[in-house]
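Architecture and fold: a report
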Amino acid sequence: MENKTGMIKDIGTINEINNYPSVFDTIDIGKVNLKNRIVFPAFHTNYANPDGTVSDKLIDFYNAIAQGGCGLIFTGAAVVSSDSIAFDRLMRIDDDCYIPGLTKLFGEIEKNGAVPAVQLIHYGRQALNAVTGCDLIAPSAIPCPLMSQFDLNYHVREMTLADIERVRNDFIDATVRAADAGVKVVEIHVAHGYLLNEFLSPYSNHRKDDYGGSVENRARLIIEILEGIRSKLGSKIAISVRVSGDEYVDDGLKPSDYKEIIPMFERAGMDMLNVSAGVYASMEMIIPGPDIGETPYIGIAAELKQYAIVPVCAVGSILSLSAAEAIISTGKADLVAIGRAQVADPKLVDKSLAGREDDVAKCIQCGKCLFFNTGDPEMYCSVNPSLKPPKNE
Ligand SMILES: Cc1cc2nc3c(=O)[nH]c(=O)nc-3n(C[C@H](O)[C@H](O)[C@H](O)COP(=O)(O)O)c2cc1C
């Protein structure tokens, strides 16, 4: 049996097509066709080179997931502005010099059978001045309750209209670079409390001008970015928007707020909605631990799907294809992002497709991959032997 990428699948395919028919149904995101509904969500690994270019380690990491059968792979997050280099080995896309490395990365992912995508980020107030070496900027000069604890000199300033124009252009220019490098889907990061999420949320946006107050004003910068991308690139690439369906903070965004927001994003050019949760002040909700249980955010994704025309992706402690099949087949989401479980075993999709679920190395949600919490220099995995710390601690 030959699949769309020309690779030969073993006979197990026939068996598992019956077990996961919804997962292995193709779907279009804008004009981009996906071979299945499994997504690898953006995962900052700190595997880029210190200058922000793509490293061999980064390519190997994503190639393994592409070879393992995943349909759509979000690389990144890649930072769009040079004033927001929040980690020492972040992927960068704020200059044309990053295009050759990105071209290689996206080309390899595609060669290995997956659709290459990239998430674009500006960290806003959720960074440290001591690391970025720049002013932290945000819609309002409200410190991040978490990051401000780590640096006595933490300081955030309210963005001027000139800052807003510059950031808008940075997102649009970064998208053009990604398209030049051959990406098929770009994701605008409007989740997890980063800059664009800060604009959208009444929790972090207290502006009194055209970019604050009403939901139309809070969404304005994101809409300008989406429209700017469309006017430069037409439908050459598909656009995903990642949001925190529930910020889990007082005065933060709740699922019902998206009834107004989603149609605005769709009119501006969004092709896919990727539903996550949490901001840094509710950090434990961004990457849910085992105590929260499996698939904790499906209710949020299902609610947002009611407001959406475009395909909706769910995420959060979805650890197996059976869980993904149950979510998609019951119409709660159109796609399922599996992060840590594909880090633990990049072949999760193909093994399950071949009826070898028992061979999947299971994510134990030990928290080892959260290098930014553990103090490790880069992402490790206690299950995947190819992502062990150098000394096998
Ligand atoms: C090490 C690590 C890095 C992450 N980096 C990002 C990121 O850059 N952008 C993003 O939107 N989410 C990021 N996330 C969140 C994941 O995309 C995903 O939403 C989360 O891990 C929950 O999915 P899972 O339970 O399938 O792992 C990261 C998660 C981890 C564990």
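Turning our eyes to something else, we now look at the nonpolar core. Ranked by size, the top nonpolar core spans 124 residues in total, and within it Leu 120, Tyr 123, Ile 188 and Phe 265 carry the most contacts. Of the residues forming this core, the biggest block, nine residues, is contributed by helix α7 (residues 215-233). With near-sequence residues (within four places) excluded, Tyr 123 lies in contact with Val 79, Ser 84, Ala 86, Phe 87, Leu 90, Tyr 194, Leu 195, Glu 198 and Tyr 280. Within the second largest apolar cluster, 17 residues are counted, among which are Ile 27, Val 39, Val 185 and Leu 335.

Among the structural elements, Lys 368 can be located in the loop between α13 (348-353) and α14 (371-374). By relative accessible area, which is 21% here, Lys 368 ends up partly exposed. Within the structure, the side chain of Lys 368 is placed 3.4 Å from the side chain of Asp 376, a separation counted as a polar contact.

Attention shifts here to the side chain of Asp 376. Examined against the element boundaries, Asp 376 turns out to sit in the segment after α14. Among all residues touching Asp 376, those that are not within four sequence positions of it are Lys 368 and Phe 371.

Another aspect to go through is the pattern of salt bridges. Scanning the entire structure with this criterion turns up 19 salt bridges. Across the salt bridge formed by Lys 57 and Glu 378, the nearest N and O atoms sit 2.6 Å from each other. In this pair, Lys 57 is assigned in helix α2 (residues 56-67) and Glu 378 in the segment after α14, connecting sequence segments 321 residues apart. Looking at Lys 57, the relative accessible area reads 37%, which means it is partly exposed. Ionic pairing is found between Lys 184 and Glu 110, a salt bridge with its closest N-O pair at 3.7 Å.

This part covers the confidence of the model for the protein chain. Chain-level statistics for the protein chain give a pLDDT mean of 93 and a share of 94% at 70 or above. Across residues 1-17, where pLDDT falls below 50, the model places 28 contacts with residues more than four positions away in sequence or in other chains.

To continue, consider the side chain of Glu 108. By the secondary structure assignment, Glu 108 is in helix α3 (residues 99-111). On the basis of relative accessible area, Glu 108 is assigned to the buried category, the value being 18%. Setting aside residues no more than four positions away along its own chain, Glu 108 makes contact with Ile 59 and Asn 63.

With that settled, the discussion passes to the packing of aromatic side chains. This structure, assessed with the given rule, holds eleven aromatic pairs. Taken together, a centroid distance of 5.9 Å and an interplanar angle of 75 degrees make the contact between Phe 40 and Phe 61 edge-to-face. Residue Phe 40 is found in strand β3 (residues 38-40), and its partner Phe 61 is found in helix α2; the two are separated by 21 residues along the sequence. With centroids separated by 5.6 Å and ring planes inclined at 85 degrees, the aromatic side chains of Tyr 47 and Phe 61 adopt a geometry described as edge-to-face. Highlighted residues: Tyr 47 in the loop between β3 and α2 and Phe 61 in helix α2, separated in sequence by 14 residues. Pairwise contacts between aromatic rings join Phe 87, Tyr 123, Tyr 194, Tyr 280, Phe 371 and Phe 372 into one cluster. Above the face of the Tyr 47 ring, Lys 57 is positioned so that its terminal group lies 4.7 Å from the ring centre.

Quick notes on the rules
Residues numbered from 1 in each chain as written. Predicted model: local features only at pLDDT ≥ 70, side-chain atom pairs only at ≥ 80, totals over all residues. Heavy atoms only, no water. Core = buried A, V, L, I, M, F, W, Y, C linked by side-chain atoms within 4.5 Å. Buried < 20%, exposed > 50% of the residue type's maximum accessible area, 1.4 Å probe, protein only. Helix = DSSP H or I, 4+ residues; strand = E, 2+ residues; numbered from the N terminus. Contact = heavy atoms within 4.5 Å. Polar contact = N/O pair within 3.5 Å; in protein donor to acceptor, adjacent residues only side chain to side chain. Salt bridge = Lys/Arg side-chain N within 4 Å of Asp/Glu carboxyl O. pLDDT = per-residue confidence, 0-100. Phe/Tyr/Trp six-rings, centres within 6.5 Å; stacked < 30°, edge-to-face > 60°. Lys NZ or Arg CZ within 6 Å of the ring centre and 35° of its normal.

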